Amino acid sequence: MINPKKAILLVAGQGTRLKPLTETMPKCLVEVNGKAILANALENLARCNVEESILVVGYLKEKIKEKIGEELNGMKITYIDNDLYEQTNNTYSLWLAIKNLHEDLLILEGDVFFEEKLLKEFMKDERENLTIVEKYNPILDGTFVEVREEQKITSWIHKKDRPVGFTPENKYKTVNIHKFSAEFIKKWLKPILKKHIEETGGEEPIEFIFSELIKNKAKIYAFNIQGIPWIEIDDAHDLKRAEEIFK
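We now turn to the structure provided with this report.

Calculation criteria
Residues numbered from 1 in each chain as written. Predicted model: local features only at pLDDT ≥ 70, side-chain atom pairs only at ≥ 80, totals over all residues. Heavy atoms only, no water. Core = buried A, V, L, I, M, F, W, Y, C linked by side-chain atoms within 4.5 Å. Buried < 20%, exposed > 50% of the residue type's maximum accessible area, 1.4 Å probe, protein only. Helix = DSSP H or I, 4+ residues; strand = E, 2+ residues; numbered from the N terminus. 1 Å grid on protein atoms, 1.4 Å probe; cavity = no way out; pocket = protein on both sides within 12 Å on 5 of 7 lines; lining within 4 Å. Points joined across faces, edges and corners; volume = space filled by probe spheres on them. Nonpolar A, V, L, I, M, F, W, Y, C, P; charged D, E, K, R; others polar. Phe/Tyr/Trp six-rings, centres within 6.5 Å; stacked < 30°, edge-to-face > 60°. Lys NZ or Arg CZ within 6 Å of the ring centre and 35° of its normal. Pairing = 2+ DSSP bridges.

### What about the nonpolar core?
Okay, step 1: Residues Leu 38, Leu 42, Leu 45 and Leu 55 are the most contacted members of the largest nonpolar core, which totals 42 residues.
Okay, step 2: Among the elements that take part in this core, helix H1 (residues 37-47) stands out by supplying six residues, more than any other.

In structure tokens, the structure reads:
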């Protein structure tokens, strides 16, 4: 069992699908019923005894630094600047964050609003290399994984990379919250991520890295959300749903 004390949050993107809100603020500071998406995630991490959160920032980064500061509820906040956020994707942000780290880690994308209970249950799971998923329902769209015996993930499929004949009904939607052991990061994640950065400059989303990991037989397991509320906020429709879910 691993117990990560450090989290990486990827919050460098421009959030263009949430305009006009994101014309003057970064996506992660958009509020759900008065609570910023990022503040919600950080408060939940602090309650789960995470000691440090590393924010990879880019677009309107100074607003994030001013809003969040260097400490939240006893948890240290540090920043890494992705100054190439306009030309790169979250793979590049992740590489900037992990290239010099050698420990167990939580990795979160910065547009997920979720209950503290979800993170607590996830952290209690004794399996080492784990990602949160929810079984398909008609509301869910985006990246899906296939899950086989022992809840092991056997394919990781980004929306724009779906093969002919793809159907999501028997698959699981990714929540974009993960935990990995130091050994897994050293043996699997860093080499594949480094290769991707060298070949593409980090232009593809992080799901392409996870897909490559699975194709190379890396073992990542699924943590089924089982009804605990969460939502990925990409556009105004998602934001409206979030305010209903968490009202």
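### Side note on the layout of surface pockets
It is the rolling of a water-molecule-sized probe over the atoms that shows where space remains empty.
Okay, step 1: Of the pockets and cavities examined, the largest pocket occupies roughly 1,300 Å³.
Okay, step 2: In this structure, the largest pocket is lined by 48 residues; those nearest its centre are Arg 17, Lys 27, Asp 111, Glu 232 and Asp 234.
Okay, step 3: Elements represented by at least two residues in the lining of the largest pocket include exactly strand S1 (6-11), helix H3 (90-98), strand S12 (172-180), strand S14 (230-232) and helix H7 (236-245).
Okay, step 4: With four residues, the single largest contributor to the lining of the largest pocket is H7.
Okay, step 5: Considered class by class, the residues forming the lining of the largest pocket number 14 nonpolar, 18 polar and 16 charged.
Okay, step 6: In this structure, the second largest pocket encloses a volume near 200 Å³.
Okay, step 7: Of all the elements in the fold, those that place two or more residues in the lining of the second largest pocket are helix H5 (182-200) and helix H6 (206-215).
Okay, step 8: Its residues assigned to classes, the lining of the second largest pocket shows three nonpolar, four polar and five charged.

### Structural notes on the packing of aromatic side chains
What describes a pair of aromatic rings is the distance from one ring centre to the other and the angle between the planes of the rings.
Okay, step 1: For the coordinates displayed, the defined rule picks out eight aromatic pairs.
Okay, step 2: Aromatic side chains Phe 122 and Phe 223 sit 5.5 Å apart centroid to centroid with 70 degrees between the ring planes, which places their arrangement in the edge-to-face category. Here the residue Phe 122 occupies a position in helix H4 (residues 116-124), and Phe 223 occupies one in strand S13 (residues 221-224), the gap between them amounting to 101 residues. Like Phe 122, the residue Phe 223 is buried in the burial classification.
Okay, step 3: Relative to Phe 184, the ring of Phe 180 has its centre 4.9 Å away and its plane inclined at 10 degrees; by these criteria the two rings are stacked.
Okay, step 4: Residue Phe 184 is classed as buried on the basis of its relative accessible area of 4%.
Okay, step 5: Three or more aromatic residues joined by ring pairs make a cluster, and in this case those are Trp 156, Phe 180, Phe 184 and Phe 210.
Okay, step 6: Taking NZ or CZ as reference, Lys 171 lies 4.9 Å from the ring centre of Phe 166, over its face.
Okay, step 7: The cationic tip of Lys 179 hangs over the ring face of Phe 122; the distance from NZ or CZ to the ring centre is 5.5 Å.

### A few points about the pairing of S12
Okay, step 1: In terms of burial, S12 is a largely internal element, nine of the nine residues being buried.
Okay, step 2: With four bridges joining them, strand S7 (residues 105-109) and S12 adopt antiparallel strand pairing. Bridge assignment links Ile 107 to a residue of S12, and that residue is His 178.
Okay, step 3: Strand direction decides the pairing type here: strand S10 (residues 144-147) and S12, joined by two bridges, are antiparallel. When the bridges of S12 are listed, Val 145 appears paired with Tyr 172.

All we've got here are geometric facts, nothing functional implied.
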